[in-house]
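Read off the chains here:
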Amino acid sequence: MLDTKDDGYTTADGRTIGSVAMEMKNITLRFGGVVAIKDISFDIRWGEIRAIIGPNGAGKSSMLNVISGFYHPQEGEVWYKGFKRPRMRPYQVARQGIARTFQNIALFEGMSVLDNIMTGRLNHMKSGFLQQALWWGPAAKEEAEHREKVEKVIDFLEIQHIRKTPVARLPYGLKKRVELARALAAEPQILLLDEPMAGMNVEEKEDMCRFILDVNDEFGTTTVLIEHDMGVVMDLSDRVVVMDYGKKIGDGTPDEVRNNQEVINAYLGVAHD
Amino acid sequence: MSTTAPQGALQSVPALLARNAAQFGTQTAYREKEFGIWQSWTWKQVSEEVEALALGFLSLGMARGDYVAIIGRNRPALYWAMVAAQSVGAIPVPLYQDAVAEEMAYVLDHCGARFAICGDQEQVDKVIEVQGKVASIEQIIYLDKRGMRKYDHSRMNWLMDVQSEGRAAHQRFEGELKQRRDALTYDSTCVMLYTSGTTGKPKGVVLSNRNIIETSKASSEFDKLRSSDEILAYLPMAWVGDFIFSVGQAYWTGFCVNCPESASTMMTDLREIGPTYYFAPPRIFETMLTSVMIRMEDAGRAKKRLFDKYMAVARRVGPAILDGKPVSALDRAQYALGELLVYGPLKNTLGLSRVRVAYTAGEAIGPEIFEFYRSLGINLKQLYGQTEASVFITQQPDGEVRSDTVGVPSPGVEVRIAENGEVFYRSAGVFVEYYKNAESTASTKDAEGWVATGDAGFFEPGTGHLRIIDRAKDVGKMADGSLFAPKYVENKLKFYPNILEVVVFGNGRDKCTAFINIDLSAVGNWAERNNIAYSSYQELAGHPKVLEMIQGHVEETNASIAQDEMLSGCQVHRFLVLHKELDADDGEMTRTRKVRRRIIEEKFADLIAALYDGSSSVYTETEVTYEDGRKGKIKATLELRDAKVVPSAARLAAQ
């Protein structure tokens, strides 16, 4: 296991990871009689790329939905920035600096890329509905400020060429990138990515990897990602949580996880005598 | 040949900048789209930016005669870095940004660059990678901050920091800067550009202020460029054309240089800017035309018919109207209606509405493509040039534009055709030397200043226009002594979309023959529309209907070659359609898709023999290399076809 001192650790590539940002304590989530998550605890530290992996139906997405406040676990606690988080609606969680992308792209298909990313700024907007509708005075000024932030994200993710294109016309890989852009526009402290690379070709995957690393490097954004592609996970992440049938079966650096017998069994299967 | 400077003050690019700041102070000099908005700078602001940067360079210890490598996409700050380097007496060396680290290492080492100015992290990484081999590099300066935070900055600076340092050191270095700038003369080096080096190592072409300024002046006057013109700077900065258009002519006439947001937004930015002066290689014009045609195929029936009707009108009278030739009033009225309904909106979509002068060069452009743009009323012209000539050797004057010539000698350029057909030129733009390569300099430029182009060509009797037929070393003689120019014929054939590649043989023989490669996507599409079933490339290539179609193309080409008295001997008498695509993996082409004649001649000797012995079919086995490196054999029986040849126009007249 890693040396989990309170003041963090240093990664293999020399990045310094900070103290605990969020901690899951004995989370159990049930849907009726189905237990999706069984007594899971782990932490997320400031500045790290934390991956959650596991076979289909292991409870990864449920875990992400607990973090984002969409599901409320029946047992256990979520601690964020040193405080126990009360029951919250997802938008309240978002206001605390947590943004996410979705496994099945959830963009406004008929709107342009620019407008989609602008929606990421929603939680930062102060002017009211009427002011914005009239687009008068402070509202116009505010929009220009938000547009500037959004343009920086567009520049960062290199999607200038599709700025005005309706999302429906984009190929899959670019839609995923637009989703990432929208999440980044919210200037999150913690970024949750639900299978950011599912269904992509090799080139799109490479691009996405680079952007995830760049985001972490440039803005120091803490990233939690769910991913199936083991190669990607092992290359990208600092620490990995492995889930199987709702239980945590491994937690540690990619190398530790790779050599964990339980993990190997879960992924490759074991002979039943 | 030695021209004196027009006014004492205008002997360098920095001097031109000072003049522009005084004369066109409030006019826009540069625009760049960033963060979705066109940011602009006036000449006065540019002059301040360059000044600050030059002072910053002095504080970093840039000395006279230092070489400063500039690597990145077209951005105003990189252009300013070139002028700032010139201001302190250093020599800018722009490099191709897509070059890999090893290629860069050679150039950086050859010029002994002390400073490297990089556009972004990617370029910085390459420079750092080669720094072990290239000891001369002392300082790296970068423009885009992204990802640069964690680099060791002991010998690295952000360009904006260099500028602020320059502003702070204003008092300290102002005198020194003025002194260095005043010391620049017509004969100091303006820029050093490396030729792409298709044959052997790249060569550093040294161009003086005289070369650049005299050429820019002459060519600006030739096309009546004015300070209100707009250009889009999107071609590589390391290419001499970009330096002449975006620096030489821009500073001479004072027009505005617009830099696109990124490579992928070029087309959108082109539309937004609507340049008045535009340059593009044939490939770009071809891509634009293809996208127009594909989109018209998808358009509604009414629109399609409108488009076809008025394009036919445009093809008939458009070029004549553009050239100011007499056209009937009815045709003019129809053309005007077409302009309103079709050409105007189309040009607007392409971003070419405002173009007054457009050039294409570099390789042959298909006549249909060329005519398409001209018929829309876009003044597209051709020019012929070289790095060694500071671009211009010949260009087409307004009103004398044709797709098959490259125009008349540019003002101030003398052109001479040697006995073997090679084109020589002499002008004020002729380069000073190849850097550290006296041998090559001597073999290219003679004592009187004549430079060998390596291209064979001739002046068309009557019009005085130059026509380039081929690379001089590929040009040969037929058995009867007439000229053999394979590339001339190949290019003509390659303009047919169905034909991907052609190799013509005939050097030293009594007649010409050809290998032809079909274009699978075009011919496949054609086969689909005509209900021709095929299961493989080989089957399609050997289909009698395909052969018939290709034969048609060859015969049309023969008819067109026959028009040409000098080259009528190059008509293709027999041809075959190859059963495999010529491929770089099999060594038949270079990686840049140029045909390797010698290797093809050896490899397919049996086929060539069959073409000349009159047989009607030939059986052959060819070794191929698959993409994973395995080797295999393709067996095929190829049909050889005779194509009709036309007696030459001249011979016909003589009879």
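Residues numbered from 1 in each chain as written. Chains lettered and ligands numbered in written order. Predicted model: local features only at pLDDT ≥ 70, side-chain atom pairs only at ≥ 80, totals over all residues.

(A) Here's a closer look at the overall build of chain A. Along its length, chain A carries 10 helices and 12 strands. Computed over its C-alpha atoms, the radius of gyration of chain A comes to 19 Å, within 12% of the 19 Å expected for a compact globule of 273 residues. Over its C-alpha atoms, taken along the principal directions, chain A stretches across nearly 70 × 40 × 40 Å. For chain A, with 273 residues in total, the buried portion stands at 37%. (Helix = DSSP H or I, 4+ residues; strand = E, 2+ residues; numbered from the N terminus. Rg over C-alpha atoms; globule rule 2.2 N^0.38 Å. Buried ≥ 20, exposed ≤ 12 C-beta atoms within 10 Å, placed from the backbone.)

(B) Expanded view of the overall build of chain B. Within chain B one finds 22 helices and 29 strands. Against the globule reference of 26 Å for 655 residues, chain B gives a C-alpha radius of gyration of 27 Å, in line with a compact fold. Taking the principal axes of the C-alpha coordinates as reference, chain B spans close to 85 × 65 × 50 Å. Taken over 655 residues, chain B has a buried fraction of 45%. For chain B, long-range pairs separated by at least 24 residues make up 65% of all intrachain contacts whose partners lie at least 6 apart in sequence. (Contact = placed C-beta atoms within 7 Å.)

(C) Expanded view of the packing of helix H8 (residues 209-222) of chain B against helix H9 (residues 240-254) of chain B. Residues and elements named next belong to chain B. Here H8 crosses H9 at 75°, and the two axes come no closer than 9 Å. The angle between H8 and H9 places the two elements in the roughly perpendicular class. On H9, the residues that touch Ile212, Ile213, Thr215, Ser216, Lys217, Ser219 and Ser220 of H8 are Ile244, Gly248, Gln249, Trp252 and Thr253. (Axes fitted to C-alpha atoms, helices over the stretch in contact; angles between N-to-C directions. Parallel < 35°, antiparallel > 145°, perpendicular 65-115°, else oblique.)

(D) Main features of the nonpolar core. By size, the foremost hydrophobic cluster in this structure holds 181 residues, and its most contacted members are Val68(B), Ala69(B) and Ile70(B). Contact partners of Ile70(B), with chain neighbours within four places excluded, come to Leu78(B), Ala81(B), Met82(B), Pro92(B), Val93(B), Pro94(B), Leu95(B), Ile117(B) and Met237(B). Listed in part, the 64 residues of the second largest apolar core include Ala58(A), Ile117(A), Ile154(A) and Leu193(A). (Core = buried A, V, L, I, M, F, W, Y, C linked by C-beta atoms within 7 Å.)

(E) Representation of the domain arrangement of chain A in the model. All names here are of chain A. Partitioning chain A into structural domains gives domain 1 (1-97 + 190-273) and domain 2 (107-187). On a C-alpha basis, the centres of domain 1 and domain 2 stand 27 Å from each other. Each partner contributes to the interface: domain 1 provides 10 residues, whereas domain 2 provides nine residues. Of all elements in the fold, only helix H2 (90-95) and helix H7 (202-219) reach the threshold of two or more residues within the side of domain 1 that touches domain 2. When residues in the side of domain 1 that touches domain 2 are grouped by element, the largest group, four residues, is from H7. (Domains from an automatic or database assignment.)

(F) Geometry of the pairing of strand S3 (residues 20-31) of chain A. Residue and element names in this part refer to chain A. In this structure, S3 lies alongside strand S4 (residues 34-45), joined through eight bridges in antiparallel fashion. Bridging across to S4, Arg30 finds its partner in Val35. Hairpin connection from S3 to S4: two residues lie between these consecutive antiparallel strands, with Gly32 at a positive phi of about 60°. One ladder, built from five bridges, connects S3 with strand S6 (residues 75-80); its direction is antiparallel. Bridged to Glu23 within S6 is Trp79. (Pairing = 2+ DSSP bridges.)

(G) The arrangement of helix H1 (residues 60-67) of chain A in detail. Residue and element names in this part refer to chain A. Among the eight residues that make up H1, seven are buried, leaving the element largely enclosed by the rest of the structure. Burial in H1 covers these residues: Lys60, Ser62, Met63, Leu64, Asn65, Val66 and Ile67. Looking one or two residues past H1, Gly69 carries a phi angle of roughly 85°, positive in sign.

(H) Geometry of the packing of helix H2 (residues 43-59) of chain B against helix H6 (residues 159-168) of chain B. Residue and element names in this part refer to chain B. Following both chains from N to C, one finds H2 and H6 inclined at 85°, their axes separated by 7 Å at the closest point. In terms of orientation, H2 and H6 fall into the roughly perpendicular class. Contacts between H2 and H6 involve Ala52, Leu53, Ala54, Leu55, Gly56, Phe57 and Ser59 on the former and, on the latter, Val162, Gln163, Glu165, Gly166 and Arg167. Residue composition of the contact of H2 with H6, grouped by class: six nonpolar, four polar and two charged. (Nonpolar A, V, L, I, M, F, W, Y, C, P; charged D, E, K, R; others polar.)

(I) Representation of the sheet that holds strand S12 (residues 247-252) of chain A in the model. Residue and element names in this part refer to chain A. Taken in spatial order, the six strands line up as S8-S9-S10-S5-S11-S12 in an open sheet, and their pairing is mixed. The sheet terminates laterally at strand S8 (98-100) and S12, the two strands that pair on one side only. Averaged over all adjacent pairs, the angle separating strand axes in this sheet is 15°, with direction ignored.

(J) Looking closely at unusual backbone geometry. For Lys81(A), which is not glycine, the phi torsion reads 50° and is therefore positive. As for its position among the elements, Lys81(A) is in the loop between S6 and strand S7 (83-84). If you check the backbone angles, Lys436(B) has positive phi at about 50° while not being a glycine. Here Lys436(B) is to be found in the loop between strand S19 (433-434) and helix H15 (438-444). Judged by the 13 C-beta atoms lying within 10 Å of it, Lys436(B) is partly exposed.

(K) Seen up close, the sheet that holds S19(B). Residue and element names in this part refer to chain B. Taken in spatial order, the three strands of this open sheet run S8-S9-S19, and their pairing is antiparallel. The open sheet is flanked by strand S8 (189-194) and S19, the only strands paired with a single partner. Two strands pair when backbone bridges link them, and strand S9 (residues 204-208) and S19 are joined in this way by two bridges, in the antiparallel orientation. Across the sheet, Val205 pairs through a bridge with Tyr434, a residue of S19. Sheet strands in contact with H8 are S8 and S9, and its direction is about 70° off that of S9.

(L) Local environment of the domain arrangement of chain B. The assigned domain composition of chain B is domain 1 (13-218), domain 2 (402-473) and domain 3 (477-654). Each of domain 1 of chain B and domain 3 of chain B was reduced to a C-alpha centroid, and the two centroids are 48 Å apart.

(M) Up close: the pairing of strand S5 (residues 115-118) of chain B. Residues and elements named next belong to chain B. Every second residue of S5 is oriented toward a common face, with Phe115 and Ile117 on one face and Ala116 and Cys118 on the other, all of them buried. Here S5 runs beside strand S6 (residues 139-142); their pairing, made up of four bridges, is parallel. Bridging from a neighbouring strand, Phe115 pairs with Gln139 of S6. The parallel pair S5 and S6, bridged by helix H5 (residues 121-131), forms a crossover whose chirality is right-handed. (Right-handed = clockwise from strand over helix to strand, strands pointing away.)

(N) Seen up close, helix H12 (residues 301-322) of chain B. Residue and element names in this part refer to chain B. Taking 1.5 Å of rise per residue, 22 residues should cover 32 Å, and H12 covers 29 Å from first to last C-alpha, within 8% of that figure. At Arg316, H12 is deflected by roughly 45°, the largest bend along its length, and proline Pro319 occurs up to four residues later in sequence. All buried positions along H12 are accounted for by Tyr310, Met311, Ala314, Val317 and Gly318. Backbone geometry just downstream of H12 places Gly324 in the positive-phi region, at approximately 75°. (Expected span 1.5 Å × (residues − 1). Bend = angle between axes of the 7 residues up to and from the residue.)

(O) Main features of the confidence of the model for chain B. Averaged over every residue, the pLDDT of chain B is 89; residues scoring 70 or more account for 96%. Here the prediction assigns the complex a pTM of 0.83, and the interface score ipTM is 0.78. (pLDDT = per-residue confidence, 0-100.)

(P) Here's a closer look at the environment of Ala314(B). Residues and elements named next belong to chain B. Residue placement: Ala314 occurs in helix H12. Through-space distance from the C-alpha of Ala314 to that of Ala336 is 9.8 Å; in sequence the pair is 22 residues apart. Not counting residues up to four positions away in its chain, the partners in contact with Ala314 are Tyr335, Gly338, Tyr343, Ser375 and Leu376.

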